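Coordinates in review
Here is how the chains run, residue by residue.
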Amino acid sequence: MKDFKAKISEHKKQFKRALARVKDEKSLQELRNLYLSRKRGHLRVLIEDMKALKPQERPMGGKMINSLKTLVQEKLESLKAEFSADEPVLSKFDLTLPGRREYRGSPHPIVLFRQEVEDIFLAMGFSIEDGPEIETDYYNFEALNFPPHHPARDDWDTLYITDDLLLRTHTSPVQIRVMEKRKPPIRIIIPGKVYRRETPDPTHLPMFCQVEGLVVDQDITFAHLKGTLEHFLKTLFYEKIKIRFRPSFFPFTEPSAEVDIECTVCEGENKECRVCKGSGWIEILGAGMVNPQVFKNVNIDPEKYSGFAFGLGIDRTAMFAYQIPDMRFFYENDLRFIRQFIQK
Ligand code: FA5
């Protein structure tokens, strides 16, 4: 046993001396082989030598071999780490790999789309107005010719803060706010968020964005409304997009229409389409000639002036422009989805 112990301590000394002479990866590997090689390494030989020990001495012999092995492994590992820290930085990178693009923040896709809509109207000579998202019953309903208890209010149900204050259900109240302050000619758009008591589905959200449009001047006709909206939709989508005006009802316009475009998701080909429900058409805005009663409410003479107004759903239109089958994707905050719209 004495001899065995002496052998181990001699190995420890020799290993330390050899370690001090290691200069590079190659000599490090040679030293590793000298001690740890499974076939002829010193440790392997020591294990063989244990056979010469008495059975009761063997556990102690095993412990001594293990302590030598641990020493050898630890010293070799730490020297290896030193070598790789000294390596020139460039050799750690594969310069042939394509670069990784840093993600920079970007406006939300709906904001980007709203800007596109705004640019088209700005080019037509419209200016941009703004109004509060918390509205009074008067501006959201009454001034727009919805008397209290009028059944049309049901389609625009919302969250009430008090009996008189509510989250606005459309951008139309800003028409009233602007016409109270300013006399014709008026040519404005009003982008903003609106709220409704609504269960989310692929084409409905309880919070969404609209762009309101209002033109008031002398001799404004339905032809102006039609021409303006057609020019807008052809610029936003493509020249040959199919557009249809459907008679409709809004208390604040007369006559009124809803405007549909062809379904850009299925192009009218899919009877099961969840977006157009197989009809091939999708509604994106409401419009009409300003009701004379609304002019009276803001002291504009309906005998002298006429006008048109429209309200476009931005999220719903963006959904079709980007050919996305579900509007809820815009608000799930999944970066894999959002990042597709980043401005390059
Ligand atoms: C209105 O909100 C009227 N204020 C529009 C208007 C303005 C008519 C001026 C006449 C004159 P409507 O509820 O239909 O109308 O909404 C207009 C558009 O908003 C719809 O065509 C649709 O594109 C979008 N929209 C309506 N409800 C939702 C909803 N729950 N989620 C997402 N978009 C919606």
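Residues numbered from 1 in each chain as written. Predicted model: local features only at pLDDT ≥ 70, side-chain atom pairs only at ≥ 80, totals over all residues. Heavy atoms only, no water.

**Comments concerning the nonpolar core**
Soluble, globular proteins show a tendency: their nonpolar side chains are buried together. What counts here: Grouping buried Ala, Val, Leu, Ile, Met, Phe, Trp, Tyr and Cys residues that are joined through side-chain atoms within 4.5 Å yields what is termed a nonpolar core. Think of it in three bands: residues with accessible area under 20% of the maximum for their type are buried, residues over 50% are exposed, and the middle band is partly exposed, with areas taken using a 1.4 Å probe on protein chains only. Only DSSP runs of H or I reaching four residues or more are called helices, and only runs of E reaching two or more are called strands; each is numbered from the N terminus.
The biggest cluster of nonpolar side chains holds 48 residues, and the ones touching the most others in it are V117, F232, L233, I261, L285, F320 and F330. Here this core gets six residues from one element, more than from any other, and that element is helix α5 (residues 109–123). Counting 26 residues, the second-largest nonpolar core is a separate cluster that includes F141, A143, V216 and F295.

**Quick look at the state of the cysteines**
As a reminder, the rule being used: Any cysteine sulfur atom paired with another within 2.5 Å is treated as part of a disulfide.
Under the criterion given, the structure shown has zero disulfides. For the unlinked cysteine C276, the closest cysteine sulfur is that of C266, found at 3.6 Å.

**Focus: the site of the ligand**
Put simply, the rule is: For this purpose, a residue is taken to be near a molecule or strand whenever a single non-hydrogen atom of the residue falls within 4 Å of it. In the analysis that follows, any N or O atom pair within 3.5 Å is treated as a polar contact, provided that within protein one partner can donate a hydrogen and the other can accept it, and provided that, for residues neighboring in sequence, both atoms belong to side chains. Residues are called lining when one of their atoms sits within 4 Å of a cavity or pocket point, these points coming from a 1 Å grid over the protein atoms alone, where a cavity is a set in which a 1.4 Å probe fits but cannot get out and a pocket is an open set with protein on both sides within 12 Å along at least five of seven lines. Cavities and pockets are treated as containing a molecule whenever more than half of the molecule's atoms lie within 2 Å of their grid points. Classification convention: Asp, Glu, Lys, Arg as charged; Ala, Val, Leu, Ile, Met, Phe, Trp, Tyr, Cys, Pro as nonpolar; all other residues, Gly among them, as polar.
Neighbouring the ligand are 27 residues, the closest being H170, R196, L205, E283 and I284. Within the contact set of the ligand, a nitrogen atom lies 3.0 Å away from a side-chain nitrogen or oxygen of E198. Separating a nitrogen atom of the ligand from a backbone N or O atom of L205 is a distance of 2.9 Å. Because more than half of its atoms lie within 2 Å of the grid, the ligand is assigned to the largest pocket. Broken down by element, the residue count for the shell around the ligand peaks at five residues, all from strand β8 (residues 281–290). Residues of the shell around the ligand, tallied by class, amount to eleven nonpolar, ten polar and six charged.

**Notes on the packing of α5 against helix α8 (residues 222–236)**
Heads up, the rule is: The axes are straight lines fitted to the C-alpha atoms, using for helices just the contacting stretch, and the angles between their N-to-C directions are given from 0 to 180°. Any angle between 65 and 115 degrees counts as roughly perpendicular, while under 35 counts as roughly parallel, over 145 as roughly antiparallel, and the rest as oblique. Handedness of a crossing follows from how the near helix is turned relative to the far one, being left-handed for an anticlockwise turn of less than a right angle and right-handed for a clockwise one. The criterion used for residue contact is that any of the two residues' heavy atoms lie within 4.5 Å.
Contact pair α5 / α8: the axes reach a minimum separation of 10 Å and the direction vectors enclose 135°. In terms of axis orientation, α5 runs oblique to α8. For the pair α5 and α8, the crossing hand works out as right-handed. On α8, the residues that touch F113, E116, V117, I120 and F121 of α5 are T228, F232, T235 and L236. Partitioned by chemical class, the residues of the contact of α5 with α8 number six nonpolar, two polar and one charged.

**Looking at the domain arrangement of the protein chain**
Cut-off, in case you're wondering: Boundaries of every domain are those given by an automatic assignment or by a domain database.
What the domain assignment reports for the protein chain is domain 1 (2–92) and domain 2 (109–341). Centre-to-centre separation of domain 1 and domain 2, based on C-alpha positions: 79 Å.

**Quick look at the pairing of strand β4 (residues 186–195)**
Stated precisely, the cut-off is as follows: The criterion for strand pairing is that DSSP finds at least two bridges linking the strands in question.
With eight of its ten residues buried, β4 lies for the most part within the structure. Taken together, the two bridges between strand β1 (residues 127–128) and β4 define a ladder with parallel strand orientation. In the strand pairing of β4, S127 is matched with I188. With ten bridges joining them, β4 and strand β5 (residues 207–217) adopt antiparallel strand pairing.

**Side note on the layout of surface pockets**
This is how the line gets drawn: Grid points are joined across faces, edges and corners, and a volume is the space filled by probe spheres set on the points.
For the largest pocket, the calculated volume is near 610 Å³. Mapped onto the lining of the largest pocket, the elements with two or more residues apiece are β5, β6 (243–250), β7 (253–262), β8 and β9 (306–313). Across the lining of the largest pocket, the residue classes break down as 14 nonpolar, ten polar and seven charged.

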